[in-house]
Amino acid sequence: MAKFTSTKQQTCGIALGGIGTGSVELFPDGEFHQFQIYNTPRWATCCRENKVDDGEGHTGDLSFWVRTEIEGEAPIVRKLGQKTDPDEFTYRMYAWNKPVEEIAFDGRFPVCDLDYRDPALPIKLSLRAVSPFVPHDADASGTPGFYLTFQVKNPTDKPIKVSLLGRSLGAFLNPEGRQSRVVAQDGRVALLSSSQGTASDHGSLCLSVEGDGETTCIGGDYHRFLREYVAASEFGISQESFLFGFRESGRLPDTPSNSLSPFSAPDPTDRPAPEVLANLSDEEIATRYLRICYFASAKSLLRRIRHIIPGFPNDRSEKEAFLRCYYRQMGRMECEKENAFGAGALCHTLTLPAGGECEVRFVYSWYFPHHFSESGEEMGHYYEKFFQNAFEVTQDLAENRLDRKAATFADLLFDTTLPEAYPECWSSQLSTLVKCSWWLRDGKFGIWEGLGYCGFHTTDITYHASFGLLALFPSLQLRQMEMGAAFQREDGRVHHFFTPDLYHTDWGFDRVDMNPQFVLMVCRDYLFTGDEGYLDRMYTPVVRAVESIALLDQNGDGLPDTDTGRNTYDAWHLSGTPCYISILWLAALKAGTLLADRRGDTKNRKKWSALLSRGRRSLEKLLWNGEYYDLWRTDDATDGCLMTDQLDGEWFLRMIGLDGNLPDRRVRRVLSTIWRHNYTPETGLVNASCPEGHTTTLYTHQNCQAEAEWTGIGYAFAALLLIEGKQKDALTAVETVNRSQARFGHYWDHWECGYRYSRPLSSWSTLHAALGLGVDAPKQSLTLRPVIRPTAKKSFRAPICTPEGIGTAEFTAGVCTIRCTEGSFPLSALRLPADDWTSVTLDGSPVDFTLDGDTLRFATPVTVGAGAILQIFHS
């Protein structure tokens, strides 16, 4: 029996909550971890020290149990999580309170599905946890809470009594002015805990439940009672916990709902000593007795005594004795922790008939408005615009059922013929948008570079990380871009990151890759949204950004060659003319030329176009070595290192549907060389190597970043492999990242410079690559050129997500089908793989078009609205 096989457990999970609201993580162990909802330092402020309150100490604050009972048999109780720390409950002494034997966890953000498996349980039990993540509805997606829906099935031929118990301790709530209240409304029962004050941890929590059964509750009591403590008095010594009564009856000692008198912590000064109690009147003793019987912890003590002494207390002396007993326990429970009172629980009980099934839905929400910057200024949260406390949040979530829309989106992401590694990387990284975002009271929005590390809206990270944000919540991406543009320096240099809040930036303006990245992002954002106002506001910053980098070309060859050392690889010094910077610069010139053309800026269009042509020629002459582009070159030195990210600018152009500056054949050759030298199954895809026959410099040799694997760069590289037809290598690159993260126990938590690093959101670009997606919203043009060509036996299907619409695209041997599930796809032109397209229908009705090469041009603009189907047929 004492033989076990150990594997690495996941020490992270899916972030549950809204965008910019803080979050709670649900781990595969079934426990709720990292309560970063009450303005904790790692999420709410920058980490100045290694050890900060990240909310992990409150694991167990929200917990669930199930109890089943078949008539004539002993009840079965299981904790629906695998944390069994002795400071919570002496599990090993009271073995009936076992953790469920096995949990099958399927995390497909914004949904987590947990299947609880235990041979002792006579039911089938599962949980679906859902964040209110609704693409194209940023306000709804910024709701501070989440859904927990239990599905219960009775596979037996006997009725089974089932009780689901949820406990909310709220141990992180500031104890000042703390109160609890139970509210029954619209078929649901809610437990609201709040504290009054203006500190960052003042606010409110709410746990609610609804279903077809009966709900009982504990409205407010001592934290130790909702865990466990030892009661010692003249009535003996007993182990006390709300779980003993739950095991016995499948219910909680009910608390009156809608009470005008909320639960507050008992006054520790109003606790007479035994000799004082003895001198109180019978009426005062009776009043005090009735007052304490309001608390479940007192009812639990009474339940035990009454098993032996029926009708207890029968007279004044017994009431006085019980007061002495309970006052002593109150003192013990208060001494064990500062925030001793205010915990609560909800229990939903029903009887399932043979073969029956039911759904019990909990909602957990919060409201902590006092979010401060390091300067002491209160920044607040955007969700204050809609709610005044956590109960209002719960009402909104319960009534609007955002979980249904969120689950529909989760299903859409996995509705693809691509290998599962792809939707897994899209889905898993989207969790970072909830985990790492700020959305302040005044509307400012930003994403941590790494949770609690560096800063927000880091230009060189947003560049890789913002494809999914733009597609799903375009207003937030445009908002943070304009926020950054406001801090552009007079010389045209753009900001590095915001710190310590969204009102100040650092001094990292010297990073030479950020200006080209800024230009590329503005171009992409404009093309995908068609927002002319955005381009109007951002065009002057674009011009200044281009002109600033143009000054770094001292020899006039069209490429930067001066002050090019600082970049996103901030521990890796570059010199002279670097390939990474040069190719990025040329991509920015292409994007800038397009924007100048759309703005009617002929002067800059011609100037930048000429500079682009000159720079392309110089790139080949100066840096091409016959296999790849050298890392950098000066007048008297060359670093021949092979950099994985050298084609970064080409990646971006192709991901937004533009042709690259380099021929596809050249790009494929470089990709093959990088894959051959920089990837192994053991190391993954490292950032650089120096192939045999080439020489590098001391700056590069065994550099900590050159030899590292950056998963955000790996996903972007995979996307470039994919769009260039290297499907096998692309899939291997994605699978390697996914497997490595799982092996380290951090499947959702990637590291580069900080936890939950945001660069791996570049995984979304593999969806662009798979579709061959291009959007030119101002011209109502959509490009779909999937990398997998359909055959008679094999189709291609993948989700389409643009700032205007969401749906799927499917290619079979004879037809392309575009389905819209949300929003719309307005189309004047549709670019598809070159073929003999013969007819088009919208919901079965013919659509007139002309075929111009690989582009279908519609006689009248077509709008594929929600629920509509556009089909394009070929012979």
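Just so we're clear, the structure is a prediction, and the values are computed from it rather than from any experiment.

A. Layout of the sheet that holds strand E3 (residues 32-36). Spatially, the three strands line up as an open sheet ordered E1-E2-E3, and their pairing is antiparallel. Edge positions in the open sheet fall to strand E1 (14-16) and E3, since each of these has one partner strand only. With direction set aside, neighbouring strand axes in the sheet form an average angle of 25°. Of the strand pairs in this sheet, strand E2 (residues 23-26) and E3 are connected by three bridges, and their pairing is antiparallel. Looking across to E3, one finds that Leu 26 is bridged to Phe 32. Lying on the sheet, helix H10 (residues 421-435) is in contact with E1, E2 and E3; it crosses E1 at an angle near 35°.

B. Region of interest: the pairing of strand E35 (residues 815-831). Strand direction decides the pairing type here: strand E32 (residues 781-783) and E35, joined by three bridges, are parallel. Each bridged residue has a counterpart across the sheet, and for Ser 781 the counterpart in E35 is Ala 829. Examined bridge by bridge, strand E34 (residues 805-811) and E35 share seven bridges and lie antiparallel to one another. Within the sheet, the bridge partner assigned to Gly 805 lies in E35 and is Gly 823. Where E34 folds back onto E35 in an antiparallel hairpin, the turn is made up of three residues. Of the strand pairs in this sheet, E35 and strand E39 (residues 855-865) are connected by seven bridges, and their pairing is antiparallel. What sits directly across from Phe 825, in E39, is Val 864.

C. Inspection of the sheet that holds strand E19 (residues 341-352) at higher detail. Here we have six strands laid out as an open sheet, ordered E6-E5-E4-E11-E19-E15, and mixed in their pairing. Only two strands of the sheet have a single neighbouring strand rather than two, namely strand E6 (98-99) and strand E15 (214-222). Taken together, the two bridges between strand E5 (residues 76-79) and E6 define a ladder with parallel strand orientation. Each residue of the ladder has a partner; that of Arg 78, found in E6, is Lys 98.

D. Focus on the pattern of salt bridges. This structure, assessed with the given rule, holds 53 salt bridges. In this structure, Asp 415 and Arg 797 form a salt bridge, with 2.8 Å as the shortest nitrogen-oxygen distance. With Asp 415 in the loop between helix H9 (402-413) and H10 and Arg 797 in strand E33 (residues 796-801), this residue pair connects regions lying 382 residues apart in the sequence. For Asp 664, the salt bridge is made with Arg 654, and the minimal N-O distance between the two is 2.9 Å.

Rules used in this analysis
- Residues numbered from 1 in each chain as written.
- Predicted model: local features only at pLDDT ≥ 70, side-chain atom pairs only at ≥ 80, totals over all residues.
- Heavy atoms only, no water.
- Pairing = 2+ DSSP bridges.
- Helix = DSSP H or I, 4+ residues; strand = E, 2+ residues; numbered from the N terminus.
- Axes fitted to C-alpha atoms, helices over the stretch in contact; angles between N-to-C directions.
- Contact = heavy atoms within 4.5 Å.
- Salt bridge = Lys/Arg side-chain N within 4 Å of Asp/Glu carboxyl O.

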